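The lines below spell out each chain.
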Amino acid sequence: FIVENRGEPGKAKAMLQKTLRKNPGFGLALAELARINEKMNLPQEAIAAYRELLEVTGFPPASREYMQLVLQVVRLQLEEGQKQEALQTVEGGPQTPLFFLEAANLFSKAGFFGDAEQLLLQAKAHGISAEETALNLSLLRLQATKDPLAALPPLEAIPPAHPLYEEAVMRKVQLLAEAGK
(Lines give C-alpha, C1' and ligand atoms only; values in the text may rest on other atoms or scores of the structure.)
Protein backbone atom coordinates (compact mmCIF):
# COMPACT_ATOMS: atom_id res chain seq x y z
CA PHE A 1 0.00 0.00 0.00
CA ILE A 2 1.59 3.23 -1.19
CA VAL A 3 0.18 5.46 1.58
CA GLU A 4 1.37 3.11 4.27
CA ASN A 5 4.81 2.88 2.66
CA ARG A 6 5.06 6.66 3.00
CA GLY A 7 4.77 6.22 6.75
CA GLU A 8 1.10 7.08 6.92
CA PRO A 9 -0.63 3.96 8.26
CA GLY A 10 -3.51 6.07 9.62
CA LYS A 11 -4.33 7.33 6.13
CA ALA A 12 -3.99 3.82 4.72
CA LYS A 13 -6.37 2.54 7.38
CA ALA A 14 -8.91 5.27 6.59
CA MET A 15 -8.71 4.44 2.87
CA LEU A 16 -9.22 0.75 3.59
CA GLN A 17 -12.19 1.46 5.84
CA LYS A 18 -13.73 3.62 3.11
CA THR A 19 -13.16 0.82 0.59
CA LEU A 20 -14.78 -1.68 2.95
CA ARG A 21 -17.83 0.54 3.46
CA LYS A 22 -18.35 0.47 -0.31
CA ASN A 23 -17.41 -3.21 -0.71
CA PRO A 24 -17.82 -4.98 2.67
CA GLY A 25 -16.63 -8.42 1.58
CA PHE A 26 -13.39 -7.30 -0.08
CA GLY A 27 -10.96 -9.86 1.37
CA LEU A 28 -7.74 -8.17 0.31
CA ALA A 29 -8.81 -4.92 1.97
CA LEU A 30 -9.70 -6.79 5.17
CA ALA A 31 -6.34 -8.57 5.17
CA GLU A 32 -4.51 -5.26 4.73
CA LEU A 33 -6.65 -3.63 7.41
CA ALA A 34 -5.81 -6.43 9.85
CA ARG A 35 -2.10 -6.10 9.07
CA ILE A 36 -2.13 -2.31 9.44
CA ASN A 37 -4.04 -2.56 12.73
CA GLU A 38 -1.33 -4.91 13.99
CA LYS A 39 1.35 -2.49 12.82
CA MET A 40 -0.46 0.38 14.58
CA ASN A 41 -0.61 -1.72 17.77
CA LEU A 42 -4.39 -2.09 17.65
CA PRO A 43 -4.71 -5.80 18.36
CA GLN A 44 -8.45 -5.85 19.08
CA GLU A 45 -9.16 -4.16 15.76
CA ALA A 46 -6.78 -6.58 14.01
CA ILE A 47 -8.58 -9.53 15.61
CA ALA A 48 -11.94 -8.16 14.44
CA ALA A 49 -10.61 -7.73 10.88
CA TYR A 50 -9.16 -11.26 10.83
CA ARG A 51 -12.44 -12.68 12.13
CA GLU A 52 -14.38 -10.82 9.44
CA LEU A 53 -11.91 -12.05 6.86
CA LEU A 54 -12.52 -15.63 8.02
CA GLU A 55 -16.23 -15.11 7.40
CA VAL A 56 -15.95 -13.65 3.91
CA THR A 57 -13.13 -15.65 2.34
CA GLY A 58 -14.97 -18.89 1.87
CA PHE A 59 -11.80 -20.85 2.65
CA PRO A 60 -12.67 -24.41 3.67
CA PRO A 61 -11.96 -24.86 7.41
CA ALA A 62 -9.37 -27.56 6.66
CA SER A 63 -7.41 -25.31 4.27
CA ARG A 64 -3.99 -23.93 5.12
CA GLU A 65 -5.23 -20.37 4.51
CA TYR A 66 -8.11 -20.72 6.97
CA MET A 67 -5.79 -22.29 9.55
CA GLN A 68 -3.29 -19.42 9.22
CA LEU A 69 -6.00 -16.80 9.76
CA VAL A 70 -7.29 -18.57 12.88
CA LEU A 71 -3.73 -18.85 14.19
CA GLN A 72 -3.25 -15.10 13.66
CA VAL A 73 -6.27 -14.50 15.90
CA VAL A 74 -4.93 -16.94 18.52
CA ARG A 75 -1.48 -15.29 18.44
CA LEU A 76 -2.95 -11.83 18.96
CA GLN A 77 -5.22 -13.03 21.75
CA LEU A 78 -2.28 -14.62 23.54
CA GLU A 79 -0.19 -11.48 23.09
CA GLU A 80 -3.04 -9.56 24.72
CA GLY A 81 -3.17 -12.02 27.64
CA GLN A 82 -6.53 -13.41 26.53
CA LYS A 83 -5.75 -17.07 27.14
CA GLN A 84 -9.37 -18.22 27.57
CA GLU A 85 -10.44 -16.47 24.37
CA ALA A 86 -7.49 -18.04 22.55
CA LEU A 87 -8.51 -21.49 23.81
CA GLN A 88 -12.05 -20.87 22.57
CA THR A 89 -10.71 -19.78 19.19
CA VAL A 90 -8.65 -22.98 18.98
CA GLU A 91 -11.71 -25.01 19.92
CA GLY A 92 -13.61 -23.46 17.01
CA GLY A 93 -10.69 -23.77 14.60
CA PRO A 94 -9.87 -26.56 12.16
CA GLN A 95 -9.67 -29.89 13.91
CA THR A 96 -6.48 -31.05 12.21
CA PRO A 97 -3.22 -32.33 13.67
CA LEU A 98 -1.20 -29.54 12.05
CA PHE A 99 -3.51 -26.87 13.48
CA PHE A 100 -3.17 -28.29 16.99
CA LEU A 101 0.63 -28.48 16.63
CA GLU A 102 0.80 -24.85 15.49
CA ALA A 103 -1.56 -23.75 18.27
CA ALA A 104 0.51 -25.67 20.85
CA ASN A 105 3.58 -23.81 19.62
CA LEU A 106 1.84 -20.44 20.11
CA PHE A 107 0.71 -21.36 23.62
CA SER A 108 4.21 -22.59 24.46
CA LYS A 109 5.78 -19.33 23.22
CA ALA A 110 3.29 -17.43 25.38
CA GLY A 111 4.36 -19.46 28.43
CA PHE A 112 1.17 -21.51 28.75
CA PHE A 113 2.91 -24.87 28.81
CA GLY A 114 0.08 -26.89 30.35
CA ASP A 115 -2.31 -25.73 27.64
CA ALA A 116 0.34 -26.39 24.99
CA GLU A 117 0.73 -29.94 26.27
CA GLN A 118 -3.04 -30.46 26.09
CA LEU A 119 -3.04 -29.20 22.50
CA LEU A 120 -0.26 -31.64 21.63
CA LEU A 121 -2.43 -34.43 23.00
CA GLN A 122 -5.29 -33.17 20.83
CA ALA A 123 -2.96 -33.30 17.82
CA LYS A 124 -2.25 -36.91 18.70
CA ALA A 125 -5.97 -37.64 19.05
CA HIS A 126 -6.51 -36.17 15.57
CA GLY A 127 -3.91 -38.33 13.90
CA ILE A 128 -0.36 -37.20 14.60
CA SER A 129 1.82 -40.14 15.51
CA ALA A 130 2.61 -40.93 19.12
CA GLU A 131 6.29 -40.66 18.24
CA GLU A 132 5.99 -37.18 16.76
CA THR A 133 3.94 -36.18 19.78
CA ALA A 134 6.73 -37.50 22.01
CA LEU A 135 9.35 -35.38 20.21
CA ASN A 136 7.21 -32.26 20.53
CA LEU A 137 6.39 -33.03 24.15
CA SER A 138 10.10 -33.32 24.92
CA LEU A 139 10.74 -29.87 23.44
CA LEU A 140 7.79 -28.43 25.32
CA ARG A 141 8.97 -29.82 28.64
CA LEU A 142 12.43 -28.41 28.05
CA GLN A 143 10.93 -24.98 27.37
CA ALA A 144 8.66 -25.22 30.39
CA THR A 145 11.18 -26.43 32.95
CA LYS A 146 14.56 -25.43 31.48
CA ASP A 147 15.62 -28.84 32.83
CA PRO A 148 17.10 -31.13 30.17
CA LEU A 149 16.40 -34.21 32.30
CA ALA A 150 12.66 -33.39 32.40
CA ALA A 151 12.64 -33.52 28.60
CA LEU A 152 13.99 -37.09 28.44
CA PRO A 153 11.00 -39.28 29.46
CA PRO A 154 8.78 -38.56 26.43
CA LEU A 155 11.61 -39.69 24.14
CA GLU A 156 11.52 -43.17 25.69
CA ALA A 157 8.20 -43.77 23.88
CA ILE A 158 9.93 -43.87 20.48
CA PRO A 159 10.83 -47.49 19.61
CA PRO A 160 14.09 -48.39 17.83
CA ALA A 161 12.27 -49.47 14.66
CA HIS A 162 10.59 -46.09 14.19
CA PRO A 163 12.00 -43.59 11.64
CA LEU A 164 12.18 -40.89 14.36
CA TYR A 165 14.27 -43.09 16.67
CA GLU A 166 17.60 -41.70 15.42
CA GLU A 167 16.40 -38.14 16.02
CA ALA A 168 15.20 -39.13 19.49
CA VAL A 169 18.60 -40.66 20.32
CA MET A 170 20.40 -37.56 19.10
CA ARG A 171 18.07 -35.40 21.21
CA LYS A 172 18.71 -37.61 24.26
CA VAL A 173 22.47 -37.24 23.83
CA GLN A 174 22.10 -33.47 23.49
CA LEU A 175 19.86 -33.26 26.58
CA LEU A 176 22.23 -35.38 28.64
CA ALA A 177 25.16 -33.21 27.54
CA GLU A 178 23.23 -30.09 28.54
CA ALA A 179 22.54 -31.67 31.92
CA GLY A 180 26.24 -32.44 32.35
CA LYS A 181 25.74 -36.21 32.32
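Not measured: the values here are computed from a predicted model.

About the cut-offs
- Think of each chain on its own: its residues are numbered from 1, step by step along the sequence as written.
- Local features in this predicted model are restricted to residues whose pLDDT is 70 or higher, and side-chain atom pairs enter the listing and the counts only when it is 80 or higher, whereas totals over whole chains, interfaces and linings include all residues.
- The side-chain figures draw on all heavy atoms in the structure; neither hydrogens nor water molecules are used.
- Think of it this way: any DSSP run of H or I at least four residues long counts as a helix, any run of E at least two long counts as a strand, and we number them from the N terminus.
- The classification of residues rests on relative accessible area computed with a 1.4 Å probe and restricted to protein chains. Under 20% of the type maximum is buried, over 50% is exposed, and intermediate values are partly exposed.
- We call two residues in contact when some of their heavy atoms are within 4.5 Å.
- The Shrake-Rupley method, run with a 1.4 Å probe sphere, supplies the accessible areas, and residue values consider only the shown protein chains as cover.
- Joining through side-chain atoms within 4.5 Å is the link that ties buried Ala, Val, Leu, Ile, Met, Phe, Trp, Tyr and Cys residues into a set, and such a set is a nonpolar core.
- Comment: arc refers to directions from the helix axis out to C-beta atoms.
- Angular values range over 0 to 180 degrees, each being the angle between N-to-C directions of two axes fitted as lines to C-alpha atoms, with helices fitted over their stretch in contact.
- Each angle is binned into one of four classes, with values under 35 degrees roughly parallel, values over 145 roughly antiparallel, values of 65 to 115 roughly perpendicular, and all other values oblique.
- Each crossing gets its hand from how the near helix is turned against the far one by less than a right angle, where anticlockwise is left-handed and clockwise is right-handed.

A.B. asks: How do you make sense of the overall build of the protein when you look at a structure like this?
C.D. replies: Counting its secondary structure elements, the protein contains 10 helices and 0 strands. If you list the helices and strands of the protein from N to C, you get α-α-α-α-α-α-α-α-α-α. Classification of the 181 residues of the protein by burial places 38% in the buried group. In the protein, the proportion of contacts linking residues at least 24 apart, taken out of those at least 6 apart, comes to 47%. With an accessible surface of roughly 9,900 Å², the protein has 55% of that area assigned to carbon and sulfur atoms.

A.B. asks: What is the right way to read the nonpolar core from this model?
C.D. replies: When a protein is soluble and globular, its nonpolar side chains tend to lie buried together. Core analysis: the largest hydrophobic core is formed by 39 residues, its most contacted members being Tyr50, Val74, Val90, Phe99, Phe107 and Leu119. Broken down by secondary-structure element, the contributors of at least two residues to this core are α2 (9-22), α3 (27-39), α4 (43-57), α5 (64-79), α6 (83-91), α7 (97-109), α8 (113-125) and α9 (130-145). When residues of this core are assigned to their parent elements, the largest contribution, 9 residues, is made by α5. Look past the residues within four positions of Leu119 in its chain and what remains in contact with it is Val90, Phe100, Ala103, Ala104 and Phe107.

A.B. asks: Is there a simple way to explain α6 in this structure?
C.D. replies: Because each turn of an α-helix spans 3.6 residues, side chains separated by three or four positions end up pointing in the same direction. Every buried residue of α6 is accounted for by Ala86, Thr89 and Val90. Along the axis of α6, the buried residues cluster in a sector spanning 100 degrees; they form a single face. Exposed side chains of α6 directed beyond 90 degrees from the buried face belong to Gln88 and Glu91. Those residues of α6 that are buried are in contact with α4, α5, α7 and α8.

A.B. asks: Can you help me understand the packing of α4 against α5 in this one?
C.D. replies: To describe two helices that pack against each other, one gives the angle between their axes and the distance between the axes. Running from N to C, α4 and α5 cross one another at 160 degrees; their axes reach a closest spacing of 10 Å. Considered as vectors, α4 and α5 are oriented roughly antiparallel to each other. Classified by chirality, the crossing of α5 by α4 is left-handed. Listed contacts from α5 to Pro43, Ala46, Ile47, Tyr50, Arg51, Leu53, Leu54 and Thr57 of α4 are Tyr66, Leu69, Val70, Gln72, Val73, Leu76 and Gln77.

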